[in-house]
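# Coordinates in review
As a plain string of letters, each chain reads:
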Amino acid sequence: MAATATEERVGTAPARMEVEDGVAVIRLNQPGKPVNVINAELLQALDGILARLEKGEGGARAVVIVSEKKGTWIAGADIEQFKDFRTPADGEAASRAGHALLGRLERLPIPVVAAIDGVALGGGLEVALACGYRVASDSPKTKLGLPEVQLGILPGAGGTQRLPRLIGVRGALDLMLTGKQLDGRRARAAGIVDEVVPAPVLLPIAKRIALEIADGTRAPRTASKTGSPENVERLPGMLSVIFRKAREGVLAKTHGLYPAPLRILQVVHDGLGKPLDEALKIEAKAFGELAVTPEARSLLHLFFVTTAAKNDAALPEGTKPRKVEEVAVVGAGFMGAGIAAVSAEAGIEVRLKDVKLEAAAKGLKTARDTLVKRARRKKARRFEVTALIDRVQATTEYAGFRQADVVVEAVFEDVKVKHAVIKEIEAAIGPDTVLGSNTSTIPIATLAEAAARPENVIGLHFFSPVDKMPLLEIIVHDRTASWVTATSHAYGKQIGKTPIVVNDSPGFYANRILSPYMAEAALLLEEGARMDEIDRAMTDWGYPVGPITLYDEVGLDVAQKAGKIMAAAFADRMKPSTVVDRLVADGRSGRKNGKGFYAYDAEGKRTGPDESVYALIGSPPARAHDRAEIQDRLGLMMVNEAVRTLEEGVLRSARDGDVGAVLGIGFPPFRGGPFWYVDQVGAQNVLNRLRALEARFGARFAPAKLLEEKARTGGKFSDDAA
Ligand code: 3HC
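Residues numbered from 1 in each chain as written. Predicted model: local features only at pLDDT ≥ 70, side-chain atom pairs only at ≥ 80, totals over all residues. Heavy atoms only, no water.

### A look at the site of the ligand
In the vicinity of the ligand, 24 residues are found, and the nearest of them are A77, I79, G123, E126 and E148. In this structure, an oxygen atom belonging to the ligand sits 2.9 Å away from a main-chain N or O atom of G156. Notes on the ligand: free accessible area 980 Å², of which the protein chains cover 71%. Contributions of two or more residues to the shell around the ligand are made by β6 (119–121), α4 (123–129) and α12 (294–311). At four residues, the largest contribution of residues to the shell around the ligand is made by α12. Classifying every residue of the shell around the ligand gives 14 nonpolar, six polar and four charged. (Near = heavy atom within 4 Å. Polar contact = N/O pair within 3.5 Å; in protein donor to acceptor, adjacent residues only side chain to side chain. Areas by Shrake-Rupley, 256 points an atom, 1.4 Å probe, with all protein chains shown as cover. Helix = DSSP H or I, 4+ residues; strand = E, 2+ residues; numbered from the N terminus. Nonpolar A, V, L, I, M, F, W, Y, C, P; charged D, E, K, R; others polar.)

Right, here's the structure in full:
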């Protein structure tokens, strides 16, 4: 049912319309929702509004669509509703309903202007594309994009057809295949938005423009009717080159494991040059088919668990985070500089301390370089960049630490060194400062032994490179105060990370599950598997890089150290092989010194597996290992260990386990995380495969008790698992 006049008057309608000075202003504001989303209620309300406009109500000469929801214009289709799609026909019908509505909007005899302040994503941007003109605010909250590919689907409300017709195929594919989001200025440069104005004057300017278009003094900007509007793309053969290159790029990036980007290419290709309505049918069919693929289901699951982890630290009712305005980082190495940079980028004042001035200055330079690089990518203005880099100050003193809301120590991974530093920090801060340690393996309770206020001590495990990796693993020990956890969680969100809170244990969660996986890869090498064979098997399974490459990237010395700590704690299944020791003894640190499992040229570019490694480890390639065997040994090693961490209470939920594995260590997103993976293939299936491995290779593959229980009871780890 359409929103009634009463609903509009009392403000419970998701959209309402008033005609003001000849302009029909449609105001979006979904009651009770944090963001505006396209769902049945909004569609119904818009249907009613369109019917009134089609009848010429109020003598409106133009229309402006604006949002009253702070920070959002429209965040896209309601992702919740995708869970109800059972067959491809369900998604196709939903897409066609959207097409019908937007078609009516597009065909209104009066001009429609989208006045965008806040996010216009997915279906939100698709609404704007059906308008005749787009004005965006210059607010940093304004973001335009088509992120559907990240959910394993494609834009299903006309985006695959209207965007290429508006800005050209190349630009449109770039947006659709990456899901990247552009602020107002970049959206204007890309041709999506026509004007960018300050937020407070957005509505009056949009109204004026709408009337100018109605009067014929300004031209509307709608999608081309005949294909790409870009002249260069009309040259013979040009489009086939663009599509071929895009396809090559997709295959190189995804190994063909993700159906959505390939389908986007096909749908854009097939729809181009066809009448819009015919092209939209192609889009709807593909949308419906993609929406029910296992890949889309897994990526959808990831959206929900990631959002839930961001919004719920599972703390006692009423626990309040403290405001974080100043942060101090001790240790100006690569990690410390990264933490400083992401904090400054979030508007936090940062002190970066090291013992020696040269080290502090080097860290400052690294942090500033990162900030400048990221700001340039966002096309920030010079004064904005200056303000940004000025937020980080280098120091060799603890002076000023008392004002810090959070201090992060990122010094050398050694208990004695960290104990000494924690004592120094404590002497310089007050009781209201969070004392975080960026350790990757040392138990937080051990570190807190040196503290007079252990309740302020918490683990803040960042991943490298800090500015790119989206996870923050927060580790609480028995005595960590809940306000400290709440503040750390809020700080994580403030700096754009997805935080998960885990309990203290060697390796915490991420490194705990990575460790046996890496150890197994080394054992495979000892058995005579080839380095590139192992790596390829795992990238084919969906990891961004294989484990042998990861050894080189992390640094063999670092991996050796972590391996020993983990082996001491879990000797039965994480006994490190001698392979890493032998490489380290041979002076190989991996990429950082140009010598590892792989060989590197003088410029540091990797040239291929270093064949001399086989002699060094005394295991020449012996037998060709079956790809599935490698994948099972490594993949299930990690999955089984993840289940153990839940069983032991290191993880508070399977949800956090899926988030941590995907965002922290690259577990294939389209598999949804280790717990979702078990739910999908079945606990009994995983159990059988682990038992078979246990029979062949020994007790390190013994299945976790909780896995046996799930297999016995048929229970699932994830609430949303079918
Ligand atoms: N559908 C349903 N719920 C949504 C949603 C959507 N499209 N977008 C956001 N939400 C919900 C979140 O689940 C969260 O719910 P909760 O409070 O109950 O946990 C709430 O809104 C707030 O979201 P965040 O915590 O993520 O808030 P942020 O301010 O950090 O981010 C956001 C806001 C940028 C809008 C972010 O939520 C986001 O990226 N959302 C997804 C956008 C997206 O992918 N849109 C495309 C959807 S698919 C589509 O449109 C198909 C079309 O082509 C047919």
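### A look at the packing of helix α3 (residues 88–107) against helix α11 (residues 276–291)
Relative to each other, α3 and α11 sit at 145°, their axes nearing to 7 Å. In this structure, α3 meets α11 at a crossing whose hand is right-handed. Two secondary-structure elements touch here, α3 through P88, G91, E92, S95, R96, H99 and E106 and α11 through L276, D277, L280, K281, E283, A284, K285, F287, G288 and E289. Broken down by class, the residue content of the contact of α3 with α11 amounts to five nonpolar, four polar and eight charged. (Axes fitted to C-alpha atoms, helices over the stretch in contact; angles between N-to-C directions. Left-handed = near helix turned anticlockwise from the far one by under 90°. Contact = heavy atoms within 4.5 Å.)

### Considerations on the layout of surface pockets
Empty pockets left among the atoms are what a rolling probe the size of a water molecule brings to light. Within this model, the second largest pocket holds a volume of roughly 400 Å³. Secondary-structure elements contributing two or more residues to the lining of the second largest pocket are α12 and α27 (674–681). Top element by residues in the lining of the second largest pocket is α12. It accounts for seven residues. For the lining of the second largest pocket, the residue count by class is eight nonpolar, three polar and six charged. (1 Å grid on protein atoms, 1.4 Å probe; cavity = no way out; pocket = protein on both sides within 12 Å on 5 of 7 lines; lining within 4 Å. Points joined across faces, edges and corners; volume = space filled by probe spheres on them.)

### Describing the packing of helix α6 (residues 169–178) against helix α10 (residues 259–271)
Contact geometry for α6 and α10: axes closest at 10 Å, N-to-C directions at 155°. Between α6 and α10, the interaxial angle falls into the category roughly antiparallel. Here the hand of the crossing between α6 and α10 comes out right-handed. Within the contact between the two elements, α6 uses V169, L173, M176 and L177 and α10 uses P261, I264, L265 and V268. In the contact of α6 with α10, the residues fall into eight nonpolar, no polar and no charged. (Parallel < 35°, antiparallel > 145°, perpendicular 65-115°, else oblique.)

### Focus on the pattern of salt bridges
A full pass over the atoms with the stated rule returns 54 salt bridges. For E20, the salt bridge is made with R27, and the minimal N-O distance between the two is 2.8 Å. Summarising the burial analysis for this pair, E20 and R27 share the class buried. D610 is the partner of R588 in a salt bridge, and the nearest nitrogen-oxygen pair spans 2.9 Å. In this pair, R588 is assigned in the loop between α23 (578–585) and β19 (598–600) and D610 in the loop between β20 (606–609) and α24 (612–616), connecting sequence segments 22 residues apart. Across the pair, exposure class does not vary: R588 and D610 are buried alike. Because the salt bridges share partners, they merge into one network encompassing R16, E18, E20, R27, E68 and K207. (Salt bridge = Lys/Arg side-chain N within 4 Å of Asp/Glu carboxyl O. Buried < 20%, exposed > 50% of the residue type's maximum accessible area, 1.4 Å probe, protein only.)

### Examining the domain arrangement of the chain
For the chain, the assigned domains read domain 1 (3–291), domain 2 (326–509) and domain 3 (511–649 + 653–713). Computed over C-alpha atoms only, the centres of domain 2 and domain 3 are separated by 29 Å. Each side of the interface is counted separately: domain 2 has 18 residues, and domain 3 has 22 residues. Buried area between domain 2 and domain 3, both sides added, is near 1500 Å², and the carbon and sulfur share of it is 61%. Our count for the contact surface shared by domain 2 and domain 3 stands at zero salt bridges. Seen at the junction of domain 2 and domain 3, the total is nine residue pairs in polar contact (both at pLDDT 80 or more). Top contributing element to the side of domain 2 that touches domain 3 by residue count: strand β18 (residues 498–503), with four residues. Of the residues that constitute the side of domain 2 that touches domain 3, the class distribution is ten nonpolar, seven polar and one charged. (Domains from an automatic or database assignment. Buried area = accessible area lost by both parts, 1.4 Å probe.)

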